[in-house]
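Below, each chain spelled out in residue letters.
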Amino acid sequence: MKNKLGILFFLALGIIWSSCKRDPNQPRWNTNILTPIVSSTLTLNNLVADSLIHVNSDSTVSLVYKNPIYTYYLDSLFTIPDTTLPIMKYGLNALNLGSQNINYIITLKQLLDSAGLGYDTLLNGQQAVIPAIPAITPTTYPINADIIFQSMTLISGYMIIKITNGFPIPIDSVTFTLANQSDPTHPFVSHEFFVIPPFTTVWDTEDISGRTINGQMIATLSGISSPGSNGNLVLLDMNDQLKINISTSDLVPSSATAIFPAQDLIRQTTLIPFKLKGVKLTEVIAQAGAVNVDAYNTLPDTLFYSYVIPAARKDNIIFKKTGILLPALDINHPTHVHNVYDLSGYTIDLRGINETSFNTLYFNIVGSINYTGQMQTISNNDSLQIQTSFTGLIPYYARGYLSQDTIEFGPSSIPVTLFSHITSGTLNLNDVKLSLSVDNGIGVDAKVKINNIQAVNTKTGATKTLAPHGAAYPNPFSIARATESGNFNNPVNVVNSTMTMDHSNSNDTALVNILPDKFNYDLKLYLNPNGNASNYHDFAYRSTGINASLNMEIPLNFMSNQLTLVDTSAFSIGSSTQAGNISSGNFFLDVTNGFPLSGTVQMFLLNSNGTIVDSLFSTTSFDAPPIGNGGIVRETKFTRLIIPISESKMQNVFKTTKAIIKVSFTTANGTQNVKIYSDYKFGLKLIGDFTYKVQ
């Protein structure tokens, strides 16, 4: 008796009438037409949506009605906030000035000449006795390193002085000083060596921290003396040398004007902690998001930088971006670049540097210069400045501890459309089952507590509140966590947990018998009620969530009394001028009823304004078939309903744009429940018996 039945009635009628148009040049006459308009056999599938029907093992039928009430997805668990770090200034870790080596040589002839001994090179290869040599006059000589650096002011550093005695006689004492040529009276190195045996090397280190050293220096050797060969013959070679070597080590200048070798000036690691209340994430896969990097260079040299997130990988490749910053005009006018890098698809480890933290990302900054051969002035006031922000970071997947939380479902309500066409009468159902079903697609344990479930019929004002009794239903009841399948296309094994409320533990049947059109509900969902039981192995995918529904399973085993269904159907069957050709006639509505229900049918016609203009027929009845042993209908009941159609009524039929169909059902015996079986059928045939004027 659904609305589609009414449409078929009038659509078929319109087809017949439209095929009988007259020829104006032909004579007129009347003819009787007896023809079937509609012939249809209906089963339960025609009356109720297939998705609601469940056929039991004994062929009886149940209606299973699912009412979704709440869905909880990953973005309900947490949101990663946009995070912007302050501008971070990365100063120079150290300036590498390269290895500096300065050598000074005194030959044996020069030493003997300075003592006035006048040995000639002709004595080379001969043995002789070398007398004692008194301290020679201090010798000063320039050292020029300004092709390497012009000046440097040191935070720390060392100068190593090494003396190799290549003479065949010992040296009793050597005093070495080193000063800037611009200030020779204030040496920054002064060191004395005592007794250097023949053919040996001695060395020592001087701390030159805090000194300013120029590229033009002056060295002084003084106090060089020797006891000679102590009366012993020694082999003479006037080319024998006393070598003095000066080298630097671990120089950390605060500033320098120099030709710098290629080097990393900056190497820093920065942590970014995301603020996530209660949630402790160890890993996410980004569905969307970006890292925004603003870089500023104050160096007078081109700076090459790399921005690396070691714990972010895509296709097993670490997130690494490189860039170039041109030289700054000066320290107050840095060069600047702005880059936005896409994080989509990256798997990001949030355990921090040592993999012991949570919600923590880190990145590395490396800033370097290349060798240019140009003299540059760089100080530790120069820097690479970086501002980093993470925006729009939306995870497709998250792992960790997804917190212990309580989520309120309601107070709220959901509509129930199953009984929406019932306008009056009573329905006495038997063995109804309500159930609260939860499909868990998130890797967390949970519990649901029912604070209130109430059925409401807003048409009658009736209400009924769910109440436990007898064995009682568990409240709260536990929800098992989902598991990961390892299948990329379907990554989650969704786990269903259902709590059933039937006549053994509740008054659920009373709730359904008031024919509710809505349910009020008030529930609580407890996430991880036992805390971090998974040891940081909770998980969630954006594509799956927790879906809760309140379900009704209604075995079609009921008793009804004038249970009335009403529906409205839109239709149009043709021009009203065609109605004038009908002089008289009837509709025969043949009902072949295989359901254990008797009833009445009414149909009202509405015009385009929605006003009832007529009824197609007054209330007509159809009978129920006899019920055999076991309460089963074994044969159908035939009823013919005669519906007279006058010429004036046909005018209203053609004006009709909508029809209201009203059907009332009553169980055959009136006092006992009846069962509906899947093979029950309900046959309808509409036959038109008209007198049609042919012209």
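Residues numbered from 1 in each chain as written. Predicted model: local features only at pLDDT ≥ 70, side-chain atom pairs only at ≥ 80, totals over all residues. Heavy atoms only, no water.

A. Representation of the pattern of salt bridges within the structure. This structure, assessed with the given rule, holds 12 salt bridges. Between Lys524 and Glu408 there is a salt bridge, and its shortest N-O distance comes to 3.8 Å. Taken together, the residues span a long stretch of sequence, with Lys524 in strand 35 (residues 518-527) and Glu408 in strand 26 (residues 405-415) at a distance of 116 residues. Take Glu408: its relative accessible area is 41%, and that puts it in the partly exposed class. One continuous salt-bridge network, built from bridges that share partners, spans Asp349, Arg351 and Glu355. (Salt bridge = Lys/Arg side-chain N within 4 Å of Asp/Glu carboxyl O. Helix = DSSP H or I, 4+ residues; strand = E, 2+ residues; numbered from the N terminus. Buried < 20%, exposed > 50% of the residue type's maximum accessible area, 1.4 Å probe, protein only.)

B. Geometry of the nonpolar core. Counting residues in each nonpolar core, the largest one holds 130 residues, and the members touching the most others are Phe78, Phe176, Leu178, Phe519 and Met552. With sequence-adjacent residues up to four places away left out, Phe176 is seen in contact with Tyr141, Ile161, Val189, Ser190, His191, Ala219, Thr220, Leu221, Ile244 and Ile246. (Core = buried A, V, L, I, M, F, W, Y, C linked by side-chain atoms within 4.5 Å. Contact = heavy atoms within 4.5 Å.)

C. Region of interest: the sheet that holds strand 14 (residues 216-225). Overall, antiparallel pairing links the four strands, which are arranged 8-14-10-11 in an open sheet. Among the strands making up the open sheet, the edge pair consists of strand 8 (139-144) and strand 11 (189-196). With strand direction ignored, the average angle separating the axes of adjacent strands in the sheet is 20°. Relative to strand 14, strand 8 runs antiparallel, the two sharing six bridges. Bridge assignment links Thr140 to a residue of strand 14, and that residue is Thr220. (Pairing = 2+ DSSP bridges. Axes fitted to C-alpha atoms, helices over the stretch in contact; angles between N-to-C directions.)

D. Fine view of the packing of aromatic side chains. This model, assessed by the stated rule, comprises 10 aromatic pairs. Ring centres 3.7 Å apart and planes at 20° place the aromatic pair Tyr70 and Phe409 in the stacked group. Here Tyr70 is found in strand 3 (residues 61-72), whereas its partner Phe409 is found in strand 26, with 339 residues between them in sequence. Connected via pairs of aromatic rings, a cluster forms that spans Tyr396, Tyr397, Phe539 and Tyr541. (Phe/Tyr/Trp six-rings, centres within 6.5 Å; stacked < 30°, edge-to-face > 60°.)

E. Summary view of unusual backbone geometry. For the bond running from Gly410 to Pro411, omega is 5°, close enough to zero to count as cis. For Pro411, the position within the fold is in strand 26. At the junction of Asn475 and Pro476, the peptide bond is cis and its omega measures out at 10° in the coordinates. Mapped onto the elements, Pro476 comes out in the loop between strand 30 (462-465) and strand 31 (477-479).

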